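One letter stands for each residue in the lines below.
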Amino acid sequence: MVDFTDLTRISLAGTDAVLYPIFHPALRTFSVQLWVSGEPSGIHGLTDNFRYADEPLEAIDAFLAERDVRALTEDEAVLLCAGLVQAKGGADWLILRHHIDDADLT
């Protein structure tokens, strides 16, 4: 079962990598910060125009591979997408949170 209790950072099991889902409210874009061994290692979406939470997921594995980090598992991808929705907040997050609570996924 996927643990939705902390979506601010997604640790990649078996690695020193952590993903931080980001929403930039002024630009209205999504990005993902990668940290490896406690050090910043790149931002996926820095030069892209990701307007929807699922868009960064389309190329995240290629971004990670360029930095010698393994691809996301299905559960990690779900957590990252949910983290991006949470980072934006608003109605989309309230709806997702309601579905998570109804399914008792926490």
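Preceding block: the structure.
For clarity, every value in this text was computed on a predicted model and none was experimentally measured.

Scoring rules and cut-offs
- Residues numbered from 1 in each chain as written.
- Predicted model: local features only at pLDDT ≥ 70, side-chain atom pairs only at ≥ 80, totals over all residues.
- Heavy atoms only, no water.
- Helix = DSSP H or I, 4+ residues; strand = E, 2+ residues; numbered from the N terminus.
- Expected span 1.5 Å × (residues − 1).
- Buried < 20%, exposed > 50% of the residue type's maximum accessible area, 1.4 Å probe, protein only.
- Core = buried A, V, L, I, M, F, W, Y, C linked by side-chain atoms within 4.5 Å.
- Phe/Tyr/Trp six-rings, centres within 6.5 Å; stacked < 30°, edge-to-face > 60°.

> Lay out helix α2 (residues 74–88) in plain terms, naming residues and giving numbers.
It helps to recall that an α-helix has 3.6 residues per turn; residues three or four apart then point in one direction. For α2, built from 15 residues, the straight-helix expectation of 21 Å at 1.5 Å per residue is met to within 8% by its first-to-last C-alpha distance of 22 Å. Three or more residues of α2 are buried, namely E76, L79, L80, A82, G83, L84 and V85. Among the residues trailing α2, G89 stands out with phi positive, at a value near 75°.

> Quick one: what's the story with the nonpolar core, residue by residue and with numbers?
Counting 21 residues, the largest nonpolar core has L12, L19, L34, I60, L64, L72 and L80 as its most contacted members. Elements supplying a minimum of two residues to this core: β2 (17–24), β3 (29–36), α1 (60–66) and α2. Here the element with the most residues in this core is α2; it accounts for five residues.

> Account for the packing of aromatic side chains, naming residues and giving values.
Tallied over the entire structure, the rule returns two aromatic pairs. Both rings, one in Y20 and one in W35, keep their centres 6.2 Å apart while their planes meet at 70°; by these two values the pair is edge-to-face. You can see Y20 sitting in strand β2 and its partner W35 sitting in strand β3, a full 15 residues away along the chain. Using a relative accessible area of 25% as the deciding quantity, one classes Y20 as partly exposed. Their ring planes at 55° and their centres at 4.9 Å tell us that F23 and F30 sit as a pair that is tilted. F30 carries the same exposure label as F23, and that label is buried.

> Quick rundown of the environment of P40? Include the residues and the values.
Mapping P40 onto the fold places it in strand β4 (residues 39–44). Each C-alpha atom, one on P40 and one on V18, is 9.5 Å from the other, the two residues being 22 residues apart in sequence.

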